[in-house]
There are 2 protein chains.
Amino acid sequence: MDRKQLFEQIQQKRGFLCIGLDTDVHKIPPALKDASDPVFAFNQEIIDATHDLCVAYKPNVAFYESLGAAGWLSLEKTVRYIREKYPEQLVIADAKRGDIGNTSGLYARAFFEKMDVDAVTVAPYMGEDSVKPFLAYPGRWVIVLALTSNKGASDFQFLRSEAGLLFESVLKTSQKWGTPDNMMYVAGATRAQKLKEVRELAPGHFLLVPGVGAQGGSLQEVARYGMNAQCGLLVNSSRAIIYASDGADFAQKARDAATDVQLEMEGLLLEAGLL
Amino acid sequence: MDRKQLFEQIQQKRGFLCIGLDTDVHKIPPALKDASDPVFAFNQEIIDATHDLCVAYKPNVAFYESLGAAGWLSLEKTVRYIREKYPEQLVIADAKRGDIGNTSGLYARAFFEKMDVDAVTVAPYMGEDSVKPFLAYPGRWVIVLALTSNKGASDFQFLRSEAGLLFESVLKTSQKWGTPDNMMYVAGATRAQKLKEVRELAPGHFLLVPGVGAQGGSLQEVARYGMNAQCGLLVNSSRAIIYASDGADFAQKARDAATDVQLEMEGLLLEAGLL
């Protein structure tokens with residue numbers, strides 16, 4: 001999916017919601033525990049109940065990996081399900097990979113060829129050759145960690161060198177490797193004013209924004225500081241949607257929670273003149 | 001395995017060799033291609049042929065992940081095989097993970113509980129809460145990327161702030177989180193003189209050193225700059241050992257290549273008065 005198509009999806013869905021499939025086997029409603037693959041069964045119901053309200057799904061790979069090979073199977077099935085039933089969705093593997101060139105190439109193969117997702121999150125610590133192999137796939141995206149939403153973000157991302165703060169260096173240097181058409185950035189919502197700086201340094205790139213909701217960020221602030229002429233935002237919500245209820249009504253409640261976010265996003269898009 | 005036991009293993013094996021199980025399904029000798037799990041069959045033969053010459057095995061997770069769930073199964077079987085047959089070996093999952101706290105906790109669960117390895121490599125970009133969950137497992141190790149051996153290392157790891165170069169900041173800050181008894185560092189051999197700085201900043205920690213051999217580093221220089229009173233080094237070699245031959249004699253040739261490295265290490269340990 002290219003940038004234009006993504007913006008069209010945002011206009012069509014009237015929102016820029018990414019739903020995080022952080023599916024914890026311990027939080028799955030009792031009714032699904034007897035399914036042959038409870039994680040996949042849960043994801044199917046969540047996806048069926050929310051697909052018209054979001055433009056992207058973002059499975060967090062750690063949740064699946066923690067179940068070993070069986071978890072990888074659930075993840076593969078989930079991606080295939082979205083691909084086949086809702087091909088208009090952007091599928092993001094939140095994997096935060098990154099290694100020397102030939103090894104990153106294998107991660108790219110894992111996610112783009114074997115698993116067939118649209119985008120992978122990548123950590124920038126190892127520099128150019130750790131990111132570039134992901135850019136060799138036309139129509140796919142690499143999402144580079146710039147400014148994360150966690151407490152530890154301040155340990156290194158705010159160190160100031162001649163090139164600016166570390167996350168600013170990442171934004172500047174990585175733009176030599178990729179373009180707004182194949183590279184996005186992770187920019188956390190818990191530091192919304194910082195989004196302004198990110199947006200100034202990367203005016204055309206889509207930003208994947210975690211940390212709204214459970215982690216405390218405000219959607220309005222994210223839109224104020226981060227929106228550009230093609231929206232340029234994918235705001236992720238995981239727990240607040242997929243665990244909106246732990247009862248038999250979990251899918252309906254997930255839909256309700258996603259609707260609330262979509263409607264707020266619709267208002268923000270209208271305000272910005274993008275609908 | 002604790003630090004004392006690791007040093008004892010080094011003295012017993014008369015070397016500090018870590019063999020990288022970067023098992024590429026396309027490079028497996030023809031004789032094994034018909035095995036039910038060629039990757040596992042290859043690993044078994046390599047391990048059986050080399051276990052008395054090394055102190056650690058380091059599967060590079062990307063190689064397995066690129067095969068999807070089936071690759072994860074091969075990896076799980078490989079780790080179990082080492083655990084059961086050669087329990088004296090340190091098993092390192094070279095995974096370079098790192099995410100917000102609760103997600104890193106799931107990666108720790110994946111590797112320490114589900115897969116039962118001794119150590120995991122972790123990227124530091126996201127700071128303290130991305131690393132700490134791995135430190136909650138007694139007897140296990142986190143191996144933090146400090147100075148990597150690839151070309152892209154210079155993009156960010158050498159940015160200078162008030163706290164020094166970025167890799168120096170990582171070395172200093174991360175020592176507030178873990179100790180030489182549960183934390184090691186990745187320090188590439190392609191910049192051997194830099195190892196001296198790493199060693200000064202982390203005198204007691206074990207260093208996992210990639211980049212000897214195929215990537216161009218010299219073992220003698222690594223020992224000169226990186227060795228401490230408990231050796232403090234695990235030097236990894238992957239391709240030069242496991243692909244020493246692509247014929248039917250691959251296991252014997254791997255043994256020969258590992259023997260060459262072990263003998264050179266023995267000389268260096270003797271020189272340092274550690275044997």
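Residues numbered from 1 in each chain as written. Chains lettered and ligands numbered in written order. Predicted model: local features only at pLDDT ≥ 70, side-chain atom pairs only at ≥ 80, totals over all residues.

Caption draft 1: View of the overall build of chain A. Scanning chain A for helices and strands turns up 12 helices and 10 strands. Over its C-alpha atoms chain A spans a radius of gyration of 18 Å, differing by no more than 12% from the 19 Å that the globule rule assigns to 275 residues. Considering only C-alpha atoms, chain A reaches an extent of 55 × 45 × 35 Å along its principal axes. Looking at chain A residue by residue over its 275 residues, the buried ones come to 57%. Within chain A, residue pairs in contact and separated by at least 24 positions form 70% of the contacts whose partners lie at least 6 positions apart. (Helix = DSSP H or I, 4+ residues; strand = E, 2+ residues; numbered from the N terminus. Rg over C-alpha atoms; globule rule 2.2 N^0.38 Å. Buried ≥ 20, exposed ≤ 12 C-beta atoms within 10 Å, placed from the backbone. Contact = placed C-beta atoms within 7 Å.)

Caption draft 2: Molecular detail of the sheet that holds strand 4 (residues 119-122) of chain B. An order of 1-2-3-4-5-8-9-10 (chain B) is seen for the eight strands of this closed barrel, with the pairing classed as parallel. Taking each pair of neighbouring strands and ignoring which way they run, the sheet shows an average axis angle of 30 degrees. (Pairing = 2+ DSSP bridges. Axes fitted to C-alpha atoms, helices over the stretch in contact; angles between N-to-C directions.)

Caption draft 3: The interface of chain B and chain A, seen in detail. On the side of chain A, 50 residues touch chain B, which itself brings 50 residues to the contact. Of all the elements in the fold, those that place two or more residues in the side of chain B that touches chain A are helix 3 (61-65), helix 4 (69-85), strand 3 (90-97), helix 5 (101-114), helix 6 (128-131), helix 7 (153-156), strand 6 (160-161) and helix 8 (166-174) of chain B. Across the side of chain B that touches chain A, the residue classes tally to 22 nonpolar, 16 polar and 12 charged. (Nonpolar A, V, L, I, M, F, W, Y, C, P; charged D, E, K, R; others polar.)

Caption draft 4: Up close: helix 12 (residues 250-271) of chain A. Residue and element names in this part refer to chain A. Taking 1.5 Å of rise per residue, the 22 residues of helix 12 would be expected to cover 32 Å, and the 32 Å separating its terminal C-alpha atoms lies within 8% of that figure. Three or more residues of helix 12 are buried, namely Phe250, Ala251, Ala254, Arg255, Ala257, Ala258, Val261, Gln262, Met265, Leu268 and Leu269. When helix 12 is viewed along its axis, its buried side chains cluster within an angular range of 165 degrees and face the same direction. Following helix 12 by one or two positions, Gly273 adopts a phi angle in the positive range, close to 70 degrees. (Expected span 1.5 Å × (residues − 1). Arc of directions from axis to C-beta.)

Caption draft 5: Spatial organisation of unusual backbone geometry. Residue and element names in this part refer to chain B. Phi at Lys96 takes a positive value of approximately 50 degrees, unusual for a residue other than glycine. Looking at where Lys96 falls in the secondary structure, it is placed in strand 3. A count of 28 C-beta atoms within 10 Å places Lys96 in the buried class. Phi angles above zero are rare outside glycine, and Asp116 is one such case at about 65 degrees.

Caption draft 6: Molecular detail of the relation of the copies chain B and chain A. With an axial shift of 0.0 Å and an RMSD of 0.0 Å, the rotation relating chain B to chain A amounts to 180 degrees. Both copies of the chain, as the preceding transformation shows, are related through a two-fold rotation axis. Proximity to the rotation axis, assessed at the C-alpha, singles out Ser161 of chain B in chain B; its C-alpha lies 2.2 Å from the axis. Of the residues that chain B buries at the interface, 100% are likewise interface residues in chain A, meaning the two copies contact each other through the same surface. (Least-squares fit on C-alpha atoms with pLDDT ≥ 70 in both.)

Caption draft 7: Here's a closer look at the nonpolar core. Judged by nonpolar contacts, the single largest core of 205 residues is most densely connected at Ile143 of chain A together with Ile143 of chain B. Setting aside anything within four residues of it in sequence, one finds Ile143 of chain B in contact with Ile92, Ala119, Val120, Thr121, Val122, Met184, Tyr185, Val186 and Leu208 of chain B. (Core = buried A, V, L, I, M, F, W, Y, C linked by C-beta atoms within 7 Å.)

Caption draft 8: A look at the pairing of strand 2 (residues 56-59) of chain B. Residue and element names in this part refer to chain B. Side chains Ala56 and Lys58 of strand 2 all project onto a buried face; the interleaved residues Tyr57 and Pro59 project onto the opposite face, where all are buried too. With helix 2 (residues 38-50) bridging strand 1 (residues 17-21) and its parallel neighbour strand 2, the resulting β-α-β unit is right-handed. Here strand 2 pairs with strand 3 via two bridges, running parallel. Looking at the pairing, Ala56 lines up with Leu90 of strand 3. (Right-handed = clockwise from strand over helix to strand, strands pointing away.)

Caption draft 9: Up close: the sheet that holds strand 3 (residues 90-97) of chain A. Residues and elements named next belong to chain A. Strand order in the closed barrel formed by eight strands is 1-2-3-4-5-8-9-10, and the pairing between neighbours is parallel. For this sheet, the mean angle separating the axes of adjacent strands, direction not counted, is 30 degrees. Sheet analysis places strand 1 (residues 17-21) next to strand 2 (residues 56-59), joined by four bridges and oriented parallel. Bridge pairing in strand 2 links Leu21 to Pro59.

Caption draft 10: Focus on the environment of Ala223 of chain A. All names here are of chain A. Counting through the fold element by element, Ala223 comes out in helix 10 (residues 219-226). Judged by local crowding, Ala223 falls into the buried class, with 23 C-beta atoms found within 10 Å. Each C-alpha atom, one on Ala223 and one on Leu195, is 9.4 Å from the other, the two residues being 28 residues apart in sequence. Residues within four places of Ala223 in sequence aside, it is in contact with Leu233 and Leu268.

Caption draft 11: A look at the pairing of strand 1 of chain B. Residue and element names in this part refer to chain B. Summarising burial for strand 1: five of the five residues are buried, a large majority. Of the two faces of strand 1, both are covered, the one formed by Leu17, Ile19 and Leu21 as well as the one formed by Cys18 and Gly20. Relative to strand 10 (residues 233-237), strand 1 is paired through three bridges, and the arrangement is parallel. Residue pairing across strands places Cys18 opposite Asn236, the latter belonging to strand 10.

Caption draft 12: Inspection of the packing of helix 9 (residues 192-201) of chain B against helix 10 (residues 219-226) of chain B at higher detail. Residues and elements named next belong to chain B. Between helix 9 and helix 10, the shortest axis-to-axis distance is 8 Å and the interhelical angle comes to 20 degrees. Relative to helix 10, the element helix 9 lies roughly parallel. Considering the relative orientation of helix 9 and helix 10, their crossing is right-handed. On helix 10, the residues touching Ala192, Gln193, Leu195, Lys196 and Arg199 of helix 9 are Glu221, Val222, Tyr225 and Gly226. (Parallel < 35°, antiparallel > 145°, perpendicular 65-115°, else oblique. Left-handed = near helix turned anticlockwise from the far one by under 90°.)

Caption draft 13: Representation of the packing of helix 4 (residues 69-85) of chain A against helix 4 of chain B in the model. Between helix 4 of chain A and helix 4 of chain B, the shortest axis-to-axis distance is 8 Å and the interhelical angle comes to 175 degrees. Classed by the angle they form, the pair helix 4 of chain A and helix 4 of chain B counts as roughly antiparallel. Across from Ala69, Trp72, Leu73 and Glu76 of chain A in helix 4 of chain A, the residues of helix 4 of chain B making contact are Ala69, Trp72, Leu73 and Glu76 of chain B. Among the residues making up the contact of helix 4 of chain A with helix 4 of chain B, the classes are represented as six nonpolar, no polar and two charged.

Caption draft 14: Representation of the environment of Val212 of chain B in the model. Residues and elements named next belong to chain B. Tracing the sequence through the fold places Val212 in the loop between strand 9 (207-209) and helix 10. Assessed through the 24 C-beta atoms surrounding it within 10 Å, Val212 is described here as buried. A sequence separation of 23 residues divides Val212 from Ala189, and the C-alpha atoms of the two residues are 5.9 Å apart.

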